[in-house]
Amino acid sequence: MNTRTATPSTGKVAFRMEGSIAVLEIDNPPVNAGSHAVREGVVTGIAKAGEAGAEGAVLLGAGRSFIAGSDLREFNKALAWPELPDVIATIEAAPFPVVAALHGVALGGGLELALGCDYRIAAPGTMVGLPEVSLGMIPGAGGTQRLPRLIGRSKAMDLICRAARIPASEALPLGLVDALCEGDLLEGAIAFLAAAPRPKRLSRALMPPEETDEALEAAAAAALKRGKGRPNVVEAIRLVRASTQEAGPVLADERETFQKLRKSPEAHALRSLFFAERRAGSVAGIDPKSARAVRRVGVVGGGTMGQGIARAFLAAGLPVVLMERDGAALETALAGLRAAIEGQAGKGRITEAEATARSEALSGTVEADGLAGCDLVIEAVFEDMAVKKQVLARLEAVLPPEAIIATNTSYLDIDEMASGLANPERVLGLHFFSPADIMKLLEVVRAAKTAPEVLATGLKLARNLGKQPVVARVAEGFIGNRIYAAYRRRAELLVLDGARPEQVDAAVTDFGFAMGPFAVADMSGLDIAWAMRKRQAATRDPAARYVTIPDRLCEAGRLGRKTGAGWYDYASGAAQPDPAVAAIIAEARERAGITPRDFTAEEIQHQLMAAIVNEAALLLEEGVAVRASDVDVVLANGYGFPRWRGGPLHWAAQQEAAALEADLNELARDVGHGHRAGPVARVLAELDTGNES
Ligand code: NAI
C-alpha cells in the first residue's frame, strides 16, 4: 500500500512520499525557471527524503516543463547558496538513487540538474539542451563534464557549442536519457527506480566513451568555427576535452570559468538581447488571446518574396494558396516552390513524407476568388502603390470580413494603401526579410487603423512561423530599412570623404557584422536603390550632400554580383577591389572639391554606429519603434549585427557618454545640411540594460 504523506510545499518545491519513494515537484510558474528558491527547495527535499528513509527519489516539474533554464535575472548579481553545483552535490551524496523525470523542456541549468541525478527518463517530445553558449557563457554546473561522460566528447562539444536543443527521441540513443516514458511520468519514474540496475550511478564517475583523436579534433574544429571563435566557445571546448580527467578539479575549473564568463560584457549583452527578444512581441493594450485562428493562407505574387513567404508558411504546416497574374507566371512560381521542397528533401533537411505533405498543401490560382477560403492573405506583388491598391481592393471584394489582409511592402505607406478599403482595420504589414523562410526577423506593421485583434493575430502568426516579431508603425522603411538607409548613406559619405569601400567593409566585419555595406549592396543589386534615387531626384534637397558614386557604377553597368561587378569586381569569383571603381571615386571627390582624408577602422566603426544609433533615436521619437530594445532585436535578427554586442543601442549605452557625443557631433558635421539629430541620450537613459525581464 502506498502511504502518502503530504507535507506543505517547501517554497517552490513540493515534497511528498509515494510509498518508499520521495517525490520532489518543482513548481515555479510560468516556465519552472531554476531560481534560488527552487535550488533551496531541492536541497531541503533531498534532506527530507533522507529523514523519511526513502529508497529513491523522483525529481519532476509541475506545469509545462521540467526546468526551462536557470533564472537569468539572477545572473547579474552574486549567486546565493545553494548554487546549482551544491544542489547536485547533495543529490550525488544521497544514499538512494534519484531519477529526473523530464517533460516539456529541460534546458541549461535544468538539464545540468538532471545530469547530476542518477537516471533520466523523459516524456516523448521533451526537448533537452545546454543553451549557455548562445548567452555568452558555458554550462557551469557540470554540463561540460557530465554530458561527455554520457554521450562522448565530440557529440558533447557539438551540442554545447551549437547551443542545440534536441528531442528526447534523439537524446535516448545518445545515452543522454535512459528511457522514454509514454504513460504517466511519475508512475514511470517510480517503476524505473524499482528496476534500476544499481542504487547509485553518478555520471561524474563514468569515463567518456572512447573515440579517436581525429574525430575529436574534427569536432573541436567544427565547434570553434561555428562558434566564431568566441572566448566562451574556446573555453567550452577546452573543458569538454578535459572530461577524461578526474572530475573534481575540472568541475572546479568549469565553475570558475563560468563565473568569470557570466559577468563578462559579452554575456551581459547577450542576456540583454534575450530579454529584448522576449519583450519585442508584446504590445501594451494588445491581448494575445484575441488573435484569430489562421488555418489557411493566401500569398499574392510568386516572385522572390512570395515564394519565400509561401515556403515559410508551408514549413509551419499551413496550407497555402498562391496567386499569380497569369497561368504562366503561376506555373513558374509553383514549379520553383516544388523544386525548393524537393531540394530540401534531397539534402535530408526534411523527410520525404514531410516534402509530400508540403507539396500537397500548396495550390495555385489566377483568380482572386480562389483565395476565398483563406483566413489571411499576404500580398508580395511589385513595389508599386497603384498595383498594391488594386490587389487590396480585389482581396476585400472576395474575402469574408474577418479575413486579414497583409502586405509585405518594404517602403510604401500602408495607411494610403488601405485608404480605399471599406474596412482598413483588417490590414497590417508583415514585412519579411529575404530569404523569407530563413531570416528570423518579421516586422509586424501596425497601420493607423489596424484593429488590435488583427495585430495580435500577426504577432501570434510570427511565433507560429518561428519568427522574431517586432512591432513597427508606418514609416518609409519601417524600423530596419530606415536605419539601414542611414547607415548606408554614412558609409557612402565615408568613401566620398576618403575611405576605400574595402576598408569600410573590413572595419564592419571586424566589428562583427556578417558583411560590410558595399558587399551587401553588390549582393542585393545596385539597381533598386538607383531606381528609387531617380524617382526622388526631383524632390531631393539640392543643398544636401549627394554621393554620385553608386549612380556612376550603375551607369557603367556595374549592378553588383549579378553583372559580375559593382563596388567590387567578381571576375575571379570573390570580391576584389577594382581600379575602375577607385577612378570613379576619385572623380566624384574631385567634382565635389573634396581632399580625401584618412580614416581609421575605429573611426569608421564609430561613425557607422553613430548613424545607426541616431536614426534609431529618431524612430523612437517618432513612435515608429515602440521601445529602444526593439531596435536591437531588429538589427541582430535582420541585419547581421553581432549578437554578442547586444544590439546597437545596448552597445551605445556601454560607451562613454563624451566619446559617443563626439561621434554624434562628427556625424552631424559630415552629413551636413539636412542632418537631423535624434534624442540619443534620452533614448539610452530609457534603455533597460539591467537584464530585468
Ligand atoms: P518580384 O518582382 O520578385 O515578385 C513580384 C511578383 O508579383 C511577380 O512574380 C509578379 O508576377 C507578381 N505580381 C505582380 N502583380 C501581380 C498581381 N496583380 N497579382 C498577382 N501577382 C502579381 O518582387 P519581390 O522581390 O518578391 O518583392 C515583392 C514585394 O516584397 C515588394 O513589395 C517588395 O518591396 C517586398 N520586399 C522585397 C524584399 C526583397 O528582398 N526582395 C524584402 C522585403 C520585402
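Residues numbered from 1 in each chain as written. Predicted model: local features only at pLDDT ≥ 70, side-chain atom pairs only at ≥ 80, totals over all residues. Heavy atoms only, no water.

1. Digging into the overall build of the protein
Then step 1. Scanning the protein from N- to C-terminus turns up 28 helices and 20 strands.
Then step 2. Here the C-alpha atoms of the protein give a radius of gyration of 28 Å, agreeing with the 26 Å that 2.2 N^0.38 yields for 693 residues.
Then step 3. Looking at the protein residue by residue over its 693 residues, the buried ones come to 55%.
Then step 4. Partitioning the contacts of the protein with sequence separation of at least 6, the portion at a separation of at least 24 is 74%.
Then step 5. Summing over all exposed atoms, the protein offers an accessible surface of approximately 28,900 Å²; the carbon and sulfur share of this is 54%.
Then step 6. Positive and negative side-chain charges of the protein, numbering 76 and 86 respectively, have mean locations separated by a distance of 1 Å. (Helix = DSSP H or I, 4+ residues; strand = E, 2+ residues; numbered from the N terminus. Rg over C-alpha atoms; globule rule 2.2 N^0.38 Å. Buried < 20%, exposed > 50% of the residue type's maximum accessible area, 1.4 Å probe, protein only. Contact = heavy atoms within 4.5 Å. Areas by Shrake-Rupley, 256 points an atom, 1.4 Å probe, with all protein chains shown as cover. Lys, Arg positive; Asp, Glu negative; His and termini not counted. Charge placed at Lys NZ, Arg CZ, Asp CG, Glu CD.)

2. As for the layout of surface pockets
Then step 1. Roughly 260 Å³ of volume is contained in the second largest pocket.
Then step 2. The wall of the second largest pocket is formed by 17 residues, among which L660, E661, L664, V680 and A681 lie closest to the centre.
Then step 3. For the lining of the second largest pocket, the secondary-structure elements that each account for two or more residues are helix 26 (648–654), helix 27 (657–671) and helix 28 (680–686).
Then step 4. Among the elements that line the lining of the second largest pocket, the one with the most residues is helix 27, at six residues.
Then step 5. Here the residues of the lining of the second largest pocket sort into 10 nonpolar, five polar and two charged. (1 Å grid on protein atoms, 1.4 Å probe; cavity = no way out; pocket = protein on both sides within 12 Å on 5 of 7 lines; lining within 4 Å. Points joined across faces, edges and corners; volume = space filled by probe spheres on them. Nonpolar A, V, L, I, M, F, W, Y, C, P; charged D, E, K, R; others polar.)

3. Side note on the packing of helix 1 (residues 36–51) against helix 2 (residues 84–93)
Then step 1. Where helix 1 contacts helix 2, the two axes come as close as 9 Å, and the packing angle between them is 15°. Of the possible angle classes, the one that applies to helix 1 and helix 2 is roughly parallel. Considering the relative orientation of helix 1 and helix 2, their crossing is left-handed. Contacts between helix 1 and helix 2 pair R39, V42, V43 and I46 from the former with L84, V87, T90 and I91 from the latter. (Axes fitted to C-alpha atoms, helices over the stretch in contact; angles between N-to-C directions. Parallel < 35°, antiparallel > 145°, perpendicular 65-115°, else oblique. Left-handed = near helix turned anticlockwise from the far one by under 90°.)

4. Examining the site of the ligand
Then step 1. Around the ligand, the structure places 21 residues, and the nearest of them are M305, E324, E383, K388 and S410.
Then step 2. Here T304 contributes a backbone N or O atom positioned 3.1 Å from an oxygen atom of the ligand.
Then step 3. Starting from 830 Å² of accessible surface for the ligand in isolation, the protein chains cover 77%.
Then step 4. Looking at the shell around the ligand, the elements with two or more residues in it are helix 12 (304–315), helix 15 (385–398) and strand 18 (427–432).
Then step 5. Here the shell around the ligand is built from residues that sort into eight nonpolar, nine polar and four charged. (Near = heavy atom within 4 Å. Polar contact = N/O pair within 3.5 Å; in protein donor to acceptor, adjacent residues only side chain to side chain.)

5. Overview of the sheet that holds strand 19 (residues 441–446)
Then step 1. Read from one edge to the other, the open sheet built from eight strands follows the order 15-14-13-16-17-18-19-20, with strand pairing classed as mixed. One side of each edge strand has no neighbouring strand; the edge strands of this open sheet are strand 15 (362–365) and strand 20 (468–473). Strand-to-strand twist in this sheet, taken as the mean axis angle between neighbours without regard to direction, amounts to 25°.
Then step 2. Alignment of strand 18 against strand 19, held across four bridges, turns out to be antiparallel. Along strand 19, the bridge assignment pairs L430 with V444.
Then step 3. Across the face of the sheet, helix 13 (residues 327–346) comes into contact with strand 14 (320–323) and strand 15 while running at roughly 170° to strand 15. (Pairing = 2+ DSSP bridges.)

6. What to know about empty space enclosed by the protein
Then step 1. A full pass over the atoms with the stated rule returns three cavities of 30 Å³ or more.
Then step 2. Reported here for the largest cavity is a volume of approximately 60 Å³.
Then step 3. Taken together, L111, V128, G129, L130, L147, L159, I160, A164, I166 and L176 form the lining of the largest cavity.
Then step 4. Considering only residue class, the lining of the largest cavity consists of nine nonpolar, one polar and no charged.

7. Description of the domain arrangement of the protein
Then step 1. What the domain assignment lists for the protein is domain 1 (4–263), domain 2 (294–474) and domain 3 (481–686).
Then step 2. When each unit is reduced to the centre of its C-alpha atoms, the spacing between domain 2 and domain 3 is 31 Å.
Then step 3. Carbon and sulfur atoms make up 65% of the area that domain 2 and domain 3 hide from each other, which totals about 1,000 Å².
Then step 4. Together, Y411, L441 and V470 form the three largest contributors to the area buried by domain 2 at its contact with domain 3, with a combined 38%.
Then step 5. Here domain 2 and domain 3 share one residue pair in polar contact (both at pLDDT 80 or more) between them.
Then step 6. Counting only elements with at least two residues in the side of domain 2 that touches domain 3, the list comes to strand 19 and strand 20.
Then step 7. Per element, the largest residue contribution to the side of domain 2 that touches domain 3 is five residues, and it comes from strand 20.
Then step 8. Residue classes in the side of domain 2 that touches domain 3 are distributed as eight nonpolar, three polar and three charged. (Domains from an automatic or database assignment. Buried area = accessible area lost by both parts, 1.4 Å probe.)

8. Notes on unusual backbone geometry
Then step 1. For the peptide bond that leads from P29 to P30, omega is 5°, which places it in the cis range.
Then step 2. For P30, the position within the fold is in the loop between strand 3 (21–26) and strand 4 (33–34).
Then step 3. Its identity as a non-glycine residue notwithstanding, K228 has a phi of 50°, on the positive side.
Then step 4. Classification of K228 by relative accessible area gives exposed; the value is 69%.
Then step 5. Residues other than glycine seldom take positive phi values, yet F478 does so here, at roughly 50°.
Then step 6. Inspection of the secondary structure assignment puts F478 in the loop between strand 20 and helix 18 (480–497).

9. Quick notes on the nonpolar core
Then step 1. The biggest cluster of nonpolar side chains holds 97 residues, and the ones touching the most others in it are L371, I479, V504, I549, V631 and L649.
Then step 2. When near neighbours in sequence (up to four residues on either side) are disregarded, L649 contacts V613, A616, L620, A628, V631, D632, V683, L684 and L687.
Then step 3. Counting 71 residues, the second-largest nonpolar core is a separate cluster that includes L24, I151, V240 and F258. (Core = buried A, V, L, I, M, F, W, Y, C linked by side-chain atoms within 4.5 Å.)

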